[in-house]
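Observations on the model geometry
As a plain string of letters, each chain reads:
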Amino acid sequence: MGIENIIGEALPEVLTTRLDSLINWARKSSLWPATFGLACCAIEMMNATSSRNDLARFGAEVFRASPRQADVMIVSGRVSRKMAPVLRRIYDQMPEPKWVISMGACATSGGVFDNYAIVQGVDKIVPVDVYIPGCPPRPEMLIHAVMMLQDKVMKDSVRDHKDIPEAEARHALTPGTLPVTDGSTLGPATAESRPYTIASRHERRRSS
Amino acid sequence: MSAGLQNEQPATPSQLVTALQSEHPDWVTEFTEALGEVTAVVPRAYIVEVCSLLKTPAAGEFNFLADLCGVDRGVEEEPRFEVNYHLFSTIRYHRLRLKVLLSENDVHVPTVTGVWRTANWHERETYDLVGIIFDGHPDLRRILLPDDWQGHALRKDFPLRGYEPYSLK
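Residue indices begin from 1 for each chain and proceed along its sequence in written order. Whichever chain is written first is A, and whichever ligand is written first is 1; the rest continue in order. In view of the model being predicted, local features appear only for residues whose pLDDT reaches at least 70, and side-chain atom pairs are presented and counted only at 80 or more, with totals across whole chains, interfaces and linings using the full set of residues.

Take the overall build of chain A next. What counts as a helix is a DSSP run of H or I of at least four residues, what counts as a strand is a run of E of at least two, and both are numbered from the N terminus. Across its full length, chain A carries eight helices and four strands. Going from N to C terminus, chain A has its helices and strands arranged as α-α-β-α-β-α-β-α-β-α-α-α. Note that contacts rest on C-beta atoms placed from the backbone: two residues are in contact if these are within 7 Å. Pairs at least 24 apart in sequence give 82% of the contacts found in chain A among residues at least 6 apart.

Rendered as structure tokens:
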């Protein structure tokens, strides 16, 4: 292409920029989602990576089966009460930096499933960065959410993303911090043994 | 029943239940046939014997437990609970429904896992959601709801939104 000639003539050998913007640019250009299809929204999520919509244009097509290799968790579908600890554990296993996209009405608010079995919004379990409405959302909406997340990543700072293992201690606050009705089943004994945590530092980060 | 069996018309489920009732009057307390479906109400004490007998070739050859489920007929009903056994014969292709009625203060019923092994998970589900306790079950744990769940979700007096701490209430 001859681009080397142009760059060689036009630019100096050394560029100065903010480290944050360079790192954020690298991060937003390859957001690897964790494979976490929960319900029918997952079909649209798969469709978003297919040839027609091609999420690879935005660097987010590499769905990783291991949370250790993932950057963003796309919660696609209703989260059942039984799945909630699993989801929280997978989120805890993802290394920083990590983001969450709540895809669809069910993951965002419980949707039509206003009953005992479904968690009324995944933000009760993990901090959510981008919410997508729809039942299910179209793949374009998921791509739009990824682009919104990329904008958000560009505003981040490296200092805000630190892995603090001791802060994610297993006996941190529980979802019981929410108002609990009388006769609730979550006694203090079971609250101690929950295998997942609410990491408050993420909420602090979001407010900045 | 060796040579003439080929020419005989095979016994229908209602005939089978009638024969069962005449042979053991205690075993079937109520017998209805409606919409082409045969339902027999069996006392709790005899459910294992009835199921074992109905599985034999002489008494219907019901070799398949199609479904086992519990029903909460309402808080004010007496008896409040019932357990339904949907029997099916893959050989003769006929069906039969057995019912066991249970009152609220005594929800125990003998297990039929010794007759059909598939009853294992069905009875666990019935225990999980309706709260029927199957005596003699090898592994009576919750199967659908989380292990730390309190209560039984499909009982009529269980609130729809539950007691779970994630709800916004």
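Having seen it, we continue.
Once that is clear, we can look at the confidence of the model for chain B. The quantity known as pLDDT measures the predictor's confidence residue by residue, on a range of 0 to 100. Of all residues in chain B, 91% attain a pLDDT of 70 or more, and the chain-wide mean is 84. In the predicted assembly, ipTM is 0.71 and pTM is 0.72.

What follows covers the nonpolar core. Grouped together as the largest cluster of nonpolar side chains are 41 residues, with contacts concentrated most on M73(A), V75(A), V79(A), L87(A), I101(A), M103(A) and L149(A). For this core, the secondary-structure elements that each account for two or more residues are α3 (41-48), β2 (72-76), α4 (84-93), β3 (99-103), α5 (104-109), β4 (130-132) and α6 (139-155) of chain A. Look past the residues within four positions of I101(A) in its chain and what remains in contact with it is V72(A), I74(A), V75(A), D129(A), V130(A), I132(A), A145(A) and L149(A). In this description, a nonpolar core means buried residues of the types Ala, Val, Leu, Ile, Met, Phe, Trp, Tyr and Cys, linked to one another by C-beta atoms lying within 7 Å. Residue burial here comes from a neighbour count, namely the number of other C-beta atoms, placed from the backbone, that lie within 10 Å of the residue's own C-beta, with 20 or more meaning buried, 12 or fewer meaning exposed, and in between meaning partly exposed. In terms of nonpolar packing, the next biggest core, distinct from the first, is built from 33 residues, L20(B), L102(B), V115(B) and V130(B) among them.

Here the focus is the environment of D160(A). Structurally, D160(A) is set in the loop between α6 and α7 (188-192). Measuring from C-alpha to C-alpha, the distance between D160(A) and M141(A) comes to 28 Å, with 19 residues separating the pair along the chain.

Next up on the list: the sheet that holds strand β1 (residues 30-34) of chain B. Picture the strands of a sheet paired through backbone hydrogen bonds; they go either parallel or antiparallel. Residue and element names in this part refer to chain B. By this definition, two strands are paired if DSSP reports at least two bridges between them. Judged by pairing direction, the sheet is mixed, and its five strands sit side by side in the order β1-β2-β5-β4-β3 without closing on themselves. Two strands lie at the open edges of the sheet, namely β1 and β3 (64-72), each paired on one side alone. Sheet twist, expressed as the average angle between the axes of neighbouring strands with direction ignored, equals 20°. The sheet contact formed by β3 and strand β4 (residues 81-88) spans eight bridges and is antiparallel. Within the sheet, the bridge partner assigned to V71 lies in β4 and is E82. Axes here refer to lines fitted to C-alpha atoms; in helices the fit is confined to the stretch in contact. Angles between the N-to-C directions go from 0 to 180 degrees.

Right, let's get into unusual backbone geometry. Residue C135(A) is joined to P136(A) through a cis peptide bond whose omega torsion reads -10°. A cis geometry characterises the amide bond from E78(B) onward to P79(B), with omega recorded as 0°. As for its placement among the helices and strands, P79(B) is situated in the loop between β3 and β4. We note that D54(A) has phi near 60°; this positive angle belongs to a residue other than glycine. Judged by the 13 C-beta atoms lying within 10 Å of it, D54(A) is partly exposed.

Another aspect to go through is the sheet that holds strand β1 (residues 33-34) of chain A. Residues and elements named next belong to chain A. Strand order in the open sheet formed by four strands is β1-β2-β3-β4, and the pairing between neighbours is parallel. In this open sheet, the two strands that pair with only one neighbour each are β1 and β4. Bridge count between β1 and β2: two bridges; the pairing is parallel. Note on β2: the bridge partner recorded for A34 is M73.

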